[in-house]
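# Observations on chain architecture
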Amino acid sequence: MTKPKVFVTRKIAQEALDTIGAIAEVEVWEDELPPPRDMLLKKVPDIDGLLSLLTDKIDATLMDAAPKLKIVSNMAVGYDNIDVSEATNRGIFVGNTPEVLTETTADFTFALLLAAARRVVEADVHTKKGKWKTWGPLVLLGHDIHNATLGIVGFGRIGAAVAKRAIGFNMQVLYYDKVRRPDEERELGLEYVPDLIELLARADFVTLHIALTGETHHLIGAAELAAMKPTAILVNTSRGPVVDQKALYQALRSGRIFAAALDVTEIEPVPPDEPLLTLDNVIITPHIASASVTTRTKMASMAAANLIAGLRGEMPPQCVNPEVASRKG
Ligand code: DGY
């Protein structure tokens with residue numbers, strides 16, 4: 001029997017590739033950079049399955065070019081790079097990798113929060129540039145994390161994992177979400193704030209954990225930044241376009257807020273002429289919140305399992321469009 005064909009858009013953990021290789025003919029894009037669009041389109045006409053990353057745009061044009069495609073398995077929890085309704089209309093399963101990255105992403109969110117509050121990156125640069133002349137009472141003063149108020153925007157798995165860490169720092173935790181979570185509120189002693197502006201006005205730290213949709217694009221813009229405290233710190237490990245970066249630049253430059261720490265930007269990779277790169281009070285990391293060896297291996301294995309199920313015509317264990325199964329059924 002001929003094996004199904006699969007294209008994997010970047011090198012991933014070898015054990016995941018081996019699992020896929022046991023049942024499919026696999027081609028892996030070996031470059032460090034993603035396949036350029038025209039190349040990606042050339043790779044898909046014969047494939048039954050695609051293992052994609054958040055850097056690959058999976059839209060109607062790509063699906064037109066891949067008439068045999070049964071499954072798009074995205075190695076990420078987010079899937080805003082995929083036109084899911086197009087996939088659903090065509091009976092193509094879409095898989096993602098939730099849960100395995102929750103704690104790792106929450107760890108990194110806290111790393112950014114601590115680093116921005118205590119100016120860790122600036123302090124390191126200060127030292128390496130030979131500016132450490134003495135112990136100074138006013139040198140590199142930051143803001144305390146303990147006893148401060150954290151505002152979580154988007155209370156899904158990652159938001160909840162960040163809340164647990166915050167409790168350990170004796171923070172007061174507020175959260176804003178469409179859905180109220182009374183169990184967690186009670187268990188962790190959180191406060192639900194149904195009004196975003198109110199949460200922004202009360203928080204010392206604001207951390208974003210929402211998916212990118214038409215509704216959340218530029219959710220944090222000039223008006224929202226203006227509502228924040230001048231001492232506030234904004235952390236974003238979700239998706240860059242949730243924040244209006246031009247407005248954020250103005251807010252940081254004018255001292256309207258104290259600092260920001262971003263693992264994601266509106267355009268990725270961040271263009272070298274991005275004005276935010278000129279500011280000392282912003283930390284920008286290259287979308288690495290889930291980047292631990294263990295987690296990336298688990299994400300690859302989960303993406304492989306989703307892919308294999310889809311190739312067999314079965315619903316992937318982590319499926320974002322389960323309605324495809326009922327259509328097939
Ligand atoms: C995701 O999974 O969506 C993250 O942004 C990358 O791990």
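As a reminder, the structure under discussion sits directly above these lines.
Along every chain, residues carry numbers that run from 1 in the direction the sequence is written. Since the coordinates come from a predicted model, pLDDT governs what is reported: local features require at least 70, and pairs of side-chain atoms require 80 or more to be given and counted, while whole-chain, interface and lining totals use all residues. To obtain the side-chain values, all non-hydrogen atoms of the structure were included, while hydrogens and water were left out.

## Thoughts on the environment of Leu225
- Segments assigned H or I by DSSP are reported as helices when at least four residues long, segments assigned E as strands when at least two residues long, and all are numbered from the N terminus. Looking at the secondary structure, you find Leu225 in helix α10 (residues 222–227).
- In this structure Leu225 comes out as buried when scored by relative accessible area, which is 1%.
- For the pair Leu225 and Ile197, spaced 28 residues apart in sequence, the C-alpha to C-alpha distance is 9.1 Å.
- Not counting residues within four places of it along the chain, the set of residues in contact with Leu225 comprises Ile220, Leu234, Ala247, Leu248, Ala251, Arg256 and Ile257. The cut-offs for exposure are 20% and 50% of the maximum accessible area for each residue type, with area from a 1.4 Å probe on protein chains only; residues under the lower value are buried, those over the upper are exposed, and the others partly exposed. The criterion used for residue contact is that any of the two residues' heavy atoms lie within 4.5 Å.

## Here's the deal with the packing of aromatic side chains
- When two rings of Phe, Tyr or Trp (its six-membered ring) have centres within 6.5 Å they constitute a pair, described as stacked for plane angles under 30 degrees, edge-to-face for angles over 60, and tilted for the intermediate range. The full count for this structure, using the stated rule, is 3 aromatic pairs.
- Here the aromatic rings of Tyr175 and Tyr192 are separated by 5.1 Å at their centres, their planes lie at 45°, and the arrangement is tilted. Of this pair, Tyr175 sits in strand β7 (residues 172–176) while Tyr192 sits in strand β8 (residues 191–192), and the two are 17 residues apart along the sequence.
- Three or more aromatic residues joined by ring pairs form one cluster here, namely Phe155, Tyr175 and Tyr192.

## Observations regarding the pattern of salt bridges
- Here, a salt bridge means any side-chain nitrogen of Lys or Arg that lies within 4 Å of a carboxyl oxygen of Asp or Glu. One pass over the full model with this rule turns up 20 salt bridges.
- Taking the shortest distance from any N to any O, the salt bridge between Glu27 and Lys43 comes out at 2.7 Å. Within this pair, whereas Glu27 is found in strand β2 (residues 25–28), its partner Lys43 is found in helix α2 (residues 37–43), the two being separated by 16 residues in sequence.
- The class for Glu27 is partly exposed, based on a relative accessible area of 35%.

Bear in mind that shape data such as this cannot, by itself, settle questions of function.
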